[in-house]
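Single-letter residue listing:
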Amino acid sequence: MLVPMGDLLRRGQREGYAVPAFNFYNHPTAQGIALEAESLESPVILMVSGRYVDYMGVRHAAALGLQAAEAVRTPVAVLLDHGASLELAEACVAAGFSSVMIDGSRKPIEENTALTRAVVEFAHARGISVEAELGAVGGIEDAVFGEDDDIKLTLIDPDQAADFVRDTGIDALAPAIGNVHGLTKLEPKLDLRLLERVRQAVDVPLVLHGGSGLSDETVRTIIAIGVSKFNVGTEMKVAYRDGLREYFATGKYEPRLASEAAVAAVRKTVRRKIELAGSAGKA
Ligand code: 13P
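Nothing here was measured: the structure is a model prediction, and the numbers come from that model.

K.L.:
Would you mind showing me how to read the site of the ligand here?
P.N.:
In the vicinity of the ligand lie 16 residues, with Asp81, Gly182, Ser212, Gly233 and Thr234 positioned nearest. Take Asn231: an N or O atom from its side chain is 3.2 Å from an oxygen atom of the ligand. The contact in question runs from an oxygen atom of the ligand to an N or O atom on the side chain of Thr234, over 2.5 Å. When the ligand sits alone it has 310 Å² of accessible area, and the protein chains cover 99% of it. Contributing elements (two or more residues each) for the shell around the ligand: β3 (76-83) and β8 (227-232). In the shell around the ligand, the residues fall into three nonpolar, eleven polar and two charged.

K.L.:
Mind showing me how you'd approach the pattern of salt bridges here?
P.N.:
Opposite charge on two side chains makes pairing possible when the charged atoms of those side chains draw close. Evaluation of the coordinates by the stated rule reveals 16 salt bridges. Residue Arg10 pairs with Asp171 through a salt bridge whose shortest N-O separation is 3.8 Å. Here Asp171 lies in the loop between α7 (158-168) and β6 (172-175) and Arg10 lies in helix α1 (residues 5-15), a separation of 161 residues in the sequence. Notably, a salt bridge pairs Arg271 with Glu275, separated by 3.9 Å at the nearest N-O pair. Taken together, the residues span about one helical turn, with Arg271 and Glu275 both in helix α11 (residues 255-277) at a distance of four residues. Exposure remark for Arg271: the relative accessible area of 35% places this residue in the partly exposed category. Owing to a relative accessible area of 49%, Glu275 belongs among the partly exposed residues under this scheme.

K.L.:
Would you mind showing me how to read the side chain of Asn179 here?
P.N.:
Position of Asn179 among the secondary structure elements: in the loop between β6 and α8 (192-201). A distance of 3.1 Å separates a polar side-chain atom of Asn179 from the backbone oxygen of His209. The contact partners of Asn179, leaving out residues within four places of it in the chain, are Val137, Gly138, Leu153, Leu190, Leu208 and His209.

K.L.:
Could you clarify how one ought to interpret the nonpolar core in this entry?
P.N.:
Burial of nonpolar side chains together is a common tendency in soluble globular proteins. Among the nonpolar cores identified, the biggest contains 71 residues, and Ile33, Phe97 and Leu173 are the most heavily contacted of them. Residues within four places of Leu173 in sequence aside, it is in contact with Ala132, Leu134, Ile156, Ala161, Phe164, Val165, Val198, Val202, Val204, Pro205, Leu206 and Val207. Counting residues in each nonpolar core, the second largest holds 15 residues, with Val19, Ala21, Ile45 and Ala174 among its members.

K.L.:
Would you explain the packing of aromatic side chains in this entry?
P.N.:
Aromatic rings considered in pairs are described by the distance between their centres and by the relative angle of their planes. All told, the structure shown has three aromatic pairs when counted by the stated rule. Between Tyr25 and Tyr52, the aromatic rings sit 4.9 Å apart at their centres with planes inclined by 65°, giving edge-to-face as the arrangement. Taken together, the residues span a long stretch of sequence, with Tyr25 in the loop between β1 (19-23) and α2 (27-39) and Tyr52 in helix α3 (residues 50-56) at a distance of 27 residues. Owing to a relative accessible area of 9%, Tyr25 belongs among the buried residues under this scheme. A relative accessible area of 21% means that Tyr52 is categorised as partly exposed. Taken together, Tyr25, Tyr52 and Tyr55 form an aromatic cluster joined through their ring pairs.

K.L.:
So what exactly am I meant to see when it comes to helix α10 (residues 234-248) here?
P.N.:
Residues three or four positions apart in an α-helix share a direction because the helix packs 3.6 residues into each turn. Taking 1.5 Å as the rise per residue, α10 with 15 residues should run 21 Å; its terminal C-alpha atoms sit 21 Å apart, in good agreement. Every buried residue belonging to α10 is among Glu235, Met236, Ala239, Gly243, Leu244 and Tyr247, and all of these are buried. Summarising the contacts, the buried residues of α10 are in contact with β1, α2, β8 and α11.

K.L.:
When you look at the packing of α2 against α11 in this model, what are you seeing that I'm missing?
P.N.:
Two quantities define a packed helix pair, namely the angle between the axes and the distance from one axis to the other. Two elements in contact, α2 and α11, have axes whose closest approach is 8 Å; the angle formed by their N-to-C orientations is 45°. Judged on the interaxial angle alone, α11 and α2 are oblique. Considering how the two elements wind past one another, α2 and α11 form a crossing that is right-handed. For the pair α2 and α11, contact is made by Pro28, Thr29, Gln31, Gly32, Ile33, Leu35, Glu36, Ala37 and Ser39 and by Ser259, Ala262, Val263, Val266, Arg267, Val270, Arg271 and Ile274, respectively. Taken together, the residues that form the contact of α2 with α11 break down as nine nonpolar, five polar and three charged.

Criteria and thresholds
Residues numbered from 1 in each chain as written. Predicted model: local features only at pLDDT ≥ 70, side-chain atom pairs only at ≥ 80, totals over all residues. Heavy atoms only, no water. Near = heavy atom within 4 Å. Polar contact = N/O pair within 3.5 Å; in protein donor to acceptor, adjacent residues only side chain to side chain. Areas by Shrake-Rupley, 256 points an atom, 1.4 Å probe, with all protein chains shown as cover. Helix = DSSP H or I, 4+ residues; strand = E, 2+ residues; numbered from the N terminus. Nonpolar A, V, L, I, M, F, W, Y, C, P; charged D, E, K, R; others polar. Salt bridge = Lys/Arg side-chain N within 4 Å of Asp/Glu carboxyl O. Buried < 20%, exposed > 50% of the residue type's maximum accessible area, 1.4 Å probe, protein only. Contact = heavy atoms within 4.5 Å. Core = buried A, V, L, I, M, F, W, Y, C linked by side-chain atoms within 4.5 Å. Phe/Tyr/Trp six-rings, centres within 6.5 Å; stacked < 30°, edge-to-face > 60°. Expected span 1.5 Å × (residues − 1). Axes fitted to C-alpha atoms, helices over the stretch in contact; angles between N-to-C directions. Parallel < 35°, antiparallel > 145°, perpendicular 65-115°, else oblique. Left-handed = near helix turned anticlockwise from the far one by under 90°.

In structure tokens, the structure reads:
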């Protein structure tokens, strides 16, 4: 069942759990996420990065997300992840997405604020929730990674965060607290004190990007501090690869069965993350 993201996150914030948000890349990843969330009666966010929307086309990306969302009884938000422009956000909303993230985090704060506000004005008039990022999370979502020293991050300033939330009217804030997209050689060191300060400075739900490769203990800690949306992308790719690899290692070549093997592998990872987020049974 397709829903906007804001209500899901606000309920998680009130009740002290996080709604897991998973990136999808194709039919098997989208199906695996929605089916496992339904079987655990968890709300879930199905998200697709701007880079993948560019790759597959807005209508195809929307169809994959919407079909997976509408095939299950449990609430699913379909989110544009790391949208780079107002035009892309508008196109995704027109295609049926229920939520958009606008990522102006690498722009100067005035430009990020103006862009984010423009997206909020457009989206809220249509019942669509908006997430934005402040500071810059390390790595680049769905880029092909080079060395770890390619990873550039800027930490959020909590005072700026309060102004940013007030000036833009966003529904959810993704603070950069040392988190990094992708799998890194060592677990990124999150600045938990900074997360606490951001939690005190703003009242909107907080989002943690770069959830792949974080220890269970770290994830439990950030949720206890007050993170209400927890993003996992790269571990979906790994599960998808593992499912396909196992199937193709048998020497068979039926794409539908290969996809089913990938769905099964994706579901296992989704199950572990939903249990960690504490969202099972909250649908
Ligand atoms: P990971 O790929 O590190 O899980 O990050 C996903 C993410 O934050 C999507 O925006």
